[in-house]
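Residue-level structure breakdown
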Amino acid sequence: MPAAMRWLLLAVVLLTLTPAGAVALGAPVGAMTFKDIRYLPRTLDDFGAVSAYAFVFFCSACPESEKALEAFAASEAAYRGHGVQFAAINSGDTDSIRDMAWQTLQREIHLPVLKDRDTSCATAMGVDNFATVVVLDADRRLCYRGNVDGFAAALDAVLAGATVAVSETAVAGKPITAPADPKAEGEVTWASDIAPIMNQHCVSCHSAEGQGPFALTSYKKVAAYSDMIAEVMTEGRMPPWYAHPAYGEFRDDRSVPASDRLRVRQWIAAGMPEGDPARAPEPVLRDPQGWAIAPDVVIEAKSMSALPKSGFVPYQYMFLPYEFTEDTYVQGIEIKPSNPKVLHHGNLFFTRGGLNVDQAKDFLTGTVPGGMPSVLDSGNAWVIPKGARLCLQLHYVTTGKLESNRMSVGLRFARGVVNKRLYYKNLDDAAFKIPPHDRAFKLVSADTLAEDATGLGLFGHMHLRGRDMTFYAYYPDGRKEVLMTMPNYNFDWQLTYRYPPNAYRFPAGTKIECVAHYDNSAFNPYNPAPEREVPHGEQTVDEMLNGFFVYTHDAEQLNLRVDPNSGHAIEQVAANN
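An account of the accompanying structure is given in this report. (Residues numbered from 1 in each chain as written. Predicted model: local features only at pLDDT ≥ 70, side-chain atom pairs only at ≥ 80, totals over all residues. Heavy atoms only, no water.)

1. A word on the overall build of the protein chain
Defined as follows: Helix and strand assignments come from DSSP, with helices taken as H or I runs of at least 4 residues and strands as E runs of at least 2, each series counted from the N terminus. A radius of gyration in this sense is built from C-alpha atoms; the matching globule rule multiplies 2.2 Å by the number of residues raised to 0.38. Partly exposed residues are those whose accessible area sits between 20% and 50% of the maximum for their type, while under 20% is buried and over 50% is exposed, using a 1.4 Å probe and protein chains only. Should any heavy atoms of two residues lie within 4.5 Å, those residues are considered in contact. Areas reported as accessible are Shrake-Rupley estimates using a 1.4 Å probe. Residue values count occlusion only from the protein chains shown. Working convention for charge: Lys and Arg count positive, Asp and Glu count negative, and His plus the chain ends are omitted. Charge positions come from single atoms, namely NZ of Lys, CZ of Arg, CG of Asp or CD of Glu.
Looking only at helices and strands, the protein chain features 10 helices and 33 strands. Compactness check: the protein chain gives a C-alpha radius of gyration of 27 Å against a globular reference of 25 Å for 577 residues, within 12% of the reference. For the protein chain, the spread of C-alpha atoms along the three principal axes comes to 90 × 60 × 55 Å. Expressed as a percentage of the 577 residues in the protein chain, the buried residues total 53%. For the protein chain, contacts bridging at least 24 residues in sequence account for 77% of all contacts bridging at least 6. Surface exposure of the protein chain reaches about 25700 Å², of which carbon and sulfur atoms provide 51%. Computing the positive centroid from 52 side-chain charges and the negative centroid from 66, the protein chain places the two 3 Å apart.

Pasting the structure below:
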């Protein structure tokens, strides 16, 4: 009997035995949409033509599902080259997309991982419990639904065009439940509840003066975007923050508390009442032409940069017309383009002769998507040496029309007594080639601290194939610590993760390690050419690994009083001042 006829007969039998509303084995599943680790909506079509699909449902609150996930992932290697698409689906209502990405990364599982926030994918495949594995054939007919122990036999049968002998088995995982109805016990209004949340978390970007594409500064504007706001807040996409909360404590954490996220959803469910407009606090907005750091000196480029309509623009190196006549101590740096949309990122160095720059010593700071001006705590400073000039390394992008831009740099000189200079470890690698279609190419770079140090912060940079980055500390006593992890790195939001003052101390001999993975597969929607072997390179079609560890030397005591009008040292003061 032809395989198609066997499937038709099986579907008829199963439909007569399946309760109304359930998904019948042998029947095709409906259309499904889920989110990937980059917060993008995806469908099964994004996997291309395959011979079969295999999915496992998991969440952090179900230990059985995590065991099933590991066993499922371990089976994937046996089916490579057979056209089987494996993927893990997270339907846990308390797991964010960042959580979901970390659950697989910490187990070194590099399958595509998908978020089923409203459990619609579980419903489409008739899955009621976590730890369930589902097998679909090439036509997306449901061939197996059950525990991880039985799916391989079912998958083998599907690939062979044979009948699946055991198509459904019992699963011990916890029940999958849809997100709870966000009803509030009391009244929730824009004026009293939502406006303060918007002002605290959103309007710094979403205002006429900010980088956001629309404003969120009034009741009408927030109500118009309410569904989008609820979605991006619930999944953790906005405000952008990629450090997983389980590791490290950082200043400027943009994560919205769960209570605020729930409040927004409750407000929407209640019909978005405005309340008394007079009670709504006014948003604090910044002058778009102003400077965040109140600089003491602004250095402007001599000329405008002219940019073409399209194509790649080679990195430009621009010397600024300012020479430092003395060693200068700086506590704030802000890099400002006149046309922000054309500058992807820029790095600022000092140099005393051409472009011969040592990044570990001469790098100052940079500007990146989503980044903020660099400001140091009292007592710490960048030191720009006598005779140096500033140089900008600029990565421009084209917009489809002729553009121009003029760069400016603002410096705020140190105040009071400076004790310590800034130091960097740039954990990098330039000697790699990412194989075509490799979905989890791994790079590791490390360096050891020669002196006792206090950590100031971390920063990671990769390009379009960058998937995740994790920093580790290996202490002399044998301990290993995760300092910070970005399990779903985003090229468009490269943030600096600053430690609280004096919170993280590292003894001499501590090894700081940076581990990163790159997704060169076709499933990466930003990948320009998955069939290409990717080398190190400055353009975004190539790749980079830069993991910055920023610190001060504990033993260093400069004890210099600095003139706030010039940034020059006035005198050396007693060590106890």
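The structure having been displayed, the exposition proceeds.
2. Section: the packing of aromatic side chains
Stated precisely, the cut-off is as follows: Any Phe, Tyr or Trp ring, taking Trp's six-membered ring, that has another such ring centre within 6.5 Å forms a pair; planes under 30 degrees apart are called stacked, those over 60 apart edge-to-face, and the others tilted. The rule is short: NZ of Lys or CZ of Arg within 6 Å of the ring centre and within 35 degrees of the ring normal puts a charge over the ring.
Counting across every chain of the model gives 27 aromatic pairs. Ring plane angle 65° and centroid distance 4.7 Å describe the contact between Trp-241 and Tyr-497, whose orientation is recorded as edge-to-face. A residue pair is termed long-range when its members are at least 10 positions apart, and Trp-241 in the loop between α8 (226-234) and α9 (258-269) and Tyr-497 in strand β27 (residues 496-498) qualify at 256 residues. For the residue pair Trp-241 and Tyr-497, the accessibility class agrees, reading buried in each case. Seen from their ring centres, Tyr-322 and Phe-324 are 4.9 Å apart, and the 70° between their planes marks the pair as edge-to-face. In textbook terms, an aromatic cluster arises when at least three aromatic residues are bridged by ring pairs, as seen for Trp-241, Phe-250, Tyr-497, Tyr-499 and Tyr-504. The ring centre of Tyr-475 lies 4.1 Å from the NZ or CZ of Arg-479, which sits over that ring.

3. A few points about the pairing of strand β26 (residues 480-486)
We apply this condition: Only strands that DSSP links by at least two bridges are regarded as paired with each other.
Counting buried residues along β26, five of its seven residues qualify, which places the element largely inside the surrounding structure. Here six bridges tie strand β25 (residues 466-474) to β26, and the two strands are oriented antiparallel to one another. For Met-469, the partnering residue across the bridge sits in β26 and is Met-486. From the end of β25 to the start of β26, which pair antiparallel, there are five residues, and Gly-478 there has a positive phi angle of about 100°.

4. Quick word on the sheet that holds strand β33 (residues 569-572)
Reading across from one edge, β19-β32-β33 is the order of the three strands in this open sheet, with antiparallel pairing throughout. The open sheet has two edge strands, β19 (417-418) and β33, and neither has a second partner. Here two bridges tie β19 to strand β32 (residues 560-562), and the two strands are oriented antiparallel to one another. Residue pairing in the sheet places Val-417 in a bridge with Arg-561 of β32.

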